Amino acid sequence: MAKLSSPYKFQGKIFRYDFQNSMVQYLYKASAEEIEEERKRRRKRSPQKPVKTGNKH
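This structure is a prediction, so every number in the text was calculated from the model and none was measured.

### Digging into unusual backbone geometry
In step 1: With a phi angle near 50°, Q11 is a residue other than glycine that sits in the positive phi range.
In step 2: Relative to the helices and strands, Q11 resides in the loop between β1 (8-10) and β2 (13-18).
In step 3: We classify Q11 as exposed; its relative accessible area is 68%.
In step 4: The phi torsion at S22 lies on the positive side, around 50°, for a residue other than glycine.
In step 5: Inspection of the secondary structure puts S22 in the loop between β2 and β3 (23-29).

Structure below.
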């Protein structure tokens, strides 16, 4: 089974690295909509630290 990196964007195109064969794979050209969907998905996956609004007494 090939060991692959997570897909990444470069100049509007999506790639991933194949570690077993030491090569970069071109997946497809991302549309603006696909890029925005990927950003939203990453934001949902990466929990942000809660913002403190002050002491409640």
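### With respect to the packing of aromatic side chains
In step 1: This structure, assessed with the given rule, holds 3 aromatic pairs.
In step 2: Relative to F19, the ring of Y17 has its centre 5.0 Å away and its plane inclined at 75°; by these criteria the two rings are edge-to-face.
In step 3: By relative accessible area, which is 46% here, F19 ends up partly exposed.
In step 4: Taken together, the aromatic side chains of Y8, F15 and Y26 make up a single cluster linked through ring pairs.

### Focus on the side chain of D18
In step 1: Within the fold, D18 resides in strand β2.
In step 2: One buried charge, D18, has no salt-bridge partner; the nearest side chain with opposite charge is R16, at 7.3 Å.
In step 3: There is a polar contact of 2.8 Å between the side chain of D18 and the side chain of N21.
In step 4: For D18, the residues in contact, after removing those within four places along its chain, are A2, K3, L4, M23 and Q25.

Parameters and conventions
- Counting restarts for each chain, with residues numbered from 1 along the sequence as it is written.
- It should be noted that, the model being predicted, local features are given only for residues of pLDDT at least 70 and side-chain atom pairs only at 80 or more, the latter also being counted only at that level, while totals for whole chains, interfaces and linings use all residues.
- To obtain the side-chain values, all non-hydrogen atoms of the structure were used and water was disregarded.
- Secondary structure elements are taken from DSSP: a helix is a run of H or I of four residues or more, a strand is a run of E of two residues or more, and numbering for both begins at the N terminus.
- For every residue, the accessible area (1.4 Å probe, protein chains only) is compared with the maximum for its type, and the residue is labelled buried under 20%, exposed over 50%, or partly exposed between those bounds.
- Here a Phe, Tyr or Trp ring, Trp counted by its six-membered ring, pairs with any other such ring whose centre lies within 6.5 Å, and the pair is stacked when the planes are under 30 degrees apart, edge-to-face when over 60, and tilted otherwise.
- The charged-residue count follows a simple rule in which Lys and Arg add positive charge and Asp and Glu add negative charge, with His and chain termini not counted at all.
- Here, a salt bridge means any Lys or Arg side-chain nitrogen found within 4 Å of an Asp or Glu carboxyl oxygen.
- Polar contact is the term for a pair of N or O atoms within 3.5 Å; when the atoms are in protein, one must be able to donate a hydrogen and the other to accept it, and sequence-neighboring residues count only if both atoms are side-chain atoms.
- It only takes one pair of heavy atoms within 4.5 Å for two residues to be counted as in contact.

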